[in-house]
Amino acid sequence: MEEEKGAFIPFRMDYSTKEKKPGELTNEQQADRILENVRKLKDQGYEKVGITYSANRQQADKIRGAYEQGKWKVGIKGSNQAEVMAIVEKKLSETRNSDLRSVFQVLPLTTMDKKQKGNLDPKCFEEDKKFIDSFIENKNSVVLGWQNQDSNDQKTDSKFAVGGGRTKETTSATMSEDQSKAIQGYLSDLRKTHPAPVASVSPAVAAQPVETKKPSLVRLGESDDKVHAAKKEFERASKGGDVDSQIDSLKKYMSAVNDDMTLLRELGQSTEKQKDIKAGLNEQHRELVQQKMLSQRSSAPSTAPTTPKSDTRGGRSRSDGASPAIPTLPPASKWGEIKKNALDKEVDQKPASPTSQPASPTTNSQGKLRPPLPPKPKTPSPTGTPRMGGGSG
């Protein structure tokens, strides 16, 4: 039975340029990407995760010496890849990443020597190979072969970012072309002799997964890139797009995060970070929807009808928009006087009846005389016969 060994995985991260092309990452984002994948690999059961790193000879000696002494912090300084590694070490010092300190390692590949002139000493490469070979022989270890847009699987002679790409001008004077080819050949051989459970953690390599014992790694990488691409699209829309384009890109971002959470739950991994991201995205979505609604209201013409209001005449409606006047009533003690004055005025305005006659005596049913009733003052009956208020006599 063949002895199990560690794995080699091409790991692509395109560095940020002035053009800011899709998929490019800042140094901070590259550091985050490294630690995210280290954690995922750790959760898959790997005990050690290392990444190739272009170093000068003095750095390489310092890094190996630190690990031999059981240290996790090696104090990397410099530019390009060194800037990324410095951020990684800073993040490892945070409590939330303390469990990764014993897992992550930098695997130096010497590309120059500050104290040496001419071509690089061949012994440097031999020391680098010895250290990486020892690391990858552990069956629970993974080596991430750093790639970028200058050095990847689409290139013929430089598939890995070692001594090229961002540091061509610096390294070309110290590392010969043959030495560069030797390093590239060595990493390519590791890829063949130590096939990964998947073709790559990062789908940017555009490689197909192979039949392996841990196929979930490629799915995690694909999910990571999907989330990152959706996030970049939303950030671009937020800077210069209208509300509709922001909402559309935010929905895609939310969908990618949901898919990532589903995958993590399927693999039995924590989704706490994704939950926090999702909560923030939901809040942003509500704000954008409200912003869109307010914008639509402010631009729409007013079509609200005028509400009819009652006037002071019999409660009838009026549409002139004025508030109806409320009549003021006199006190109850004055009502009798007001009624009498109104009746007197009505009598004065009516002409006297031409047929009015003075009242004459009448007899009752026994034939007895009944004195006539005195007429009511100033209220003649239309027929000339005086009447009693309240019924006939």
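Our subject is the structure listed above.
Predicted model only: the values in this text are computed from it and were never measured.

A. Region of interest: the overall build of the protein chain. Per the secondary structure count, the protein chain includes 10 helices and eight strands. A buried classification covers 37% of the 393 residues belonging to the protein chain. Contacts in the protein chain between residues far apart in sequence, at least 24 positions, make up 65% of those at least 6 positions apart. Accessible surface, the protein chain: about 24,100 Å² in total, of which carbon and sulfur atoms supply 52%.

B. How the structure looks around unusual backbone geometry. One non-glycine residue, K20, lies in positive phi territory at about 50°. Mapped onto the fold, K20 is located in the loop between β1 (7–12) and α1 (27–43). The backbone of N80 sits at a positive phi, close to 60°, despite the residue not being glycine. With respect to the element layout, N80 can be found in the loop between α2 (57–68) and α3 (81–92).

C. Seen up close, the packing of helix α8 (residues 243–266) against helix α9 (residues 272–299). Interhelical geometry of α8 versus α9 gives an angle of 160° and a closest axis separation of 10 Å. On the basis of the axis angle, α8 is roughly antiparallel to α9. With respect to the hand of their crossing, α8 and α9 are arranged in left-handed fashion. Here the contact of α8 with α9 is built from residues that sort into 12 nonpolar, seven polar and six charged.

D. Structural context of the pattern of salt bridges. Here the structure, examined in full by the defined rule, presents 21 salt bridges. A salt bridge links K91 to E28; its shortest N-O distance comes to 2.8 Å. Here E28 lies in helix α1 and K91 lies in helix α3, a separation of 63 residues in the sequence. Owing to a relative accessible area of 40%, E28 belongs among the partly exposed residues under this scheme. Salt bridges here are not isolated pairs; linked through shared partners, they connect D61, R64, E127 and D128.

E. Fine view of the pairing of β1. Counting buried positions over the six residues of β1 gives six, a clear majority of the element. In the sheet, β1 pairs with strand β4 (residues 141–147) via six bridges, with the strands oriented parallel. Within the sheet, the bridge partner assigned to F11 lies in β4 and is W146.

F. Region of interest: helix α6 (residues 177–193). Between its first and last C-alpha atoms α6 spans 24 Å; for 17 residues at 1.5 Å apiece the expected length is 24 Å, and the two agree. Turning to α6, its buried residues are Q179, I183, Q184, Y186, L187 and L190. Buried residues along α6 cover an arc of 155° about the axis, so they all sit on one side. For α6, the exposed residues lying more than 90 degrees away from the buried face are E177, D178 and K192. Those residues of α6 that are buried lie in contact with β1, β2 (48–56), β3 (104–112) and α4 (122–136).

G. Structural view of the side chain of D153. Relative to the helices and strands, D153 resides in the loop between β4 and α5 (168–171). Here the side chain of D153 touches Q147 through a polar contact of 3.1 Å, side chain to side chain. A distance of 2.7 Å separates a polar atom in the side chain of D153 from a polar atom in the side chain of R191.

H. Main features of the packing of α1 against α3. For the pair α1 and α3, the least separation of the axes is 8 Å and the interaxial angle reads 55°. Considering the angle they form, α1 stands oblique to α3. Regarding α1 and α3, the two cross each other, and that crossing is right-handed. Every residue of α3 that contacts α1 at N27, E28, Q30, A31, D32, I34 and L35 is listed here: E83, V84, M85, I87, V88, K91 and L92. Across the contact of α1 with α3, the residue classes break down as eight nonpolar, two polar and four charged.

I. Geometry of the nonpolar core. In terms of nonpolar packing, the biggest core is built from 52 residues, with I34, M85, F104 and L187 touching the most fellow members. Contacts of L187, omitting those with residues within four sequence positions, involve F8, T52, L109, F160 and V162.

J. Seen up close, the packing of aromatic side chains. For the structure shown, the criterion picks out four aromatic pairs. For the ring pair F125 and Y186, a centre distance of 5.9 Å and an interplane angle of 80° mean the geometry is edge-to-face. You can see F125 sitting in helix α4 and its partner Y186 sitting in helix α6, a full 61 residues away along the chain. In terms of burial, F125 and Y186 fall into one category: buried. With a centroid separation of 6.3 Å and 40° between ring planes, the pair formed by F234 and Y253 is classed as tilted. Highlighted residues: F234 in helix α7 (residues 216–240) and Y253 in helix α8, separated in sequence by 19 residues. For the pair shown, F234 and Y253 are each scored as buried.

Reading guide: rules and limits
Residues numbered from 1 in each chain as written. Predicted model: local features only at pLDDT ≥ 70, side-chain atom pairs only at ≥ 80, totals over all residues. Heavy atoms only, no water. Helix = DSSP H or I, 4+ residues; strand = E, 2+ residues; numbered from the N terminus. Buried < 20%, exposed > 50% of the residue type's maximum accessible area, 1.4 Å probe, protein only. Contact = heavy atoms within 4.5 Å. Areas by Shrake-Rupley, 256 points an atom, 1.4 Å probe, with all protein chains shown as cover. Axes fitted to C-alpha atoms, helices over the stretch in contact; angles between N-to-C directions. Parallel < 35°, antiparallel > 145°, perpendicular 65-115°, else oblique. Left-handed = near helix turned anticlockwise from the far one by under 90°. Nonpolar A, V, L, I, M, F, W, Y, C, P; charged D, E, K, R; others polar. Salt bridge = Lys/Arg side-chain N within 4 Å of Asp/Glu carboxyl O. Pairing = 2+ DSSP bridges. Expected span 1.5 Å × (residues − 1). Arc of directions from axis to C-beta. Polar contact = N/O pair within 3.5 Å; in protein donor to acceptor, adjacent residues only side chain to side chain. Core = buried A, V, L, I, M, F, W, Y, C linked by side-chain atoms within 4.5 Å. Phe/Tyr/Trp six-rings, centres within 6.5 Å; stacked < 30°, edge-to-face > 60°.

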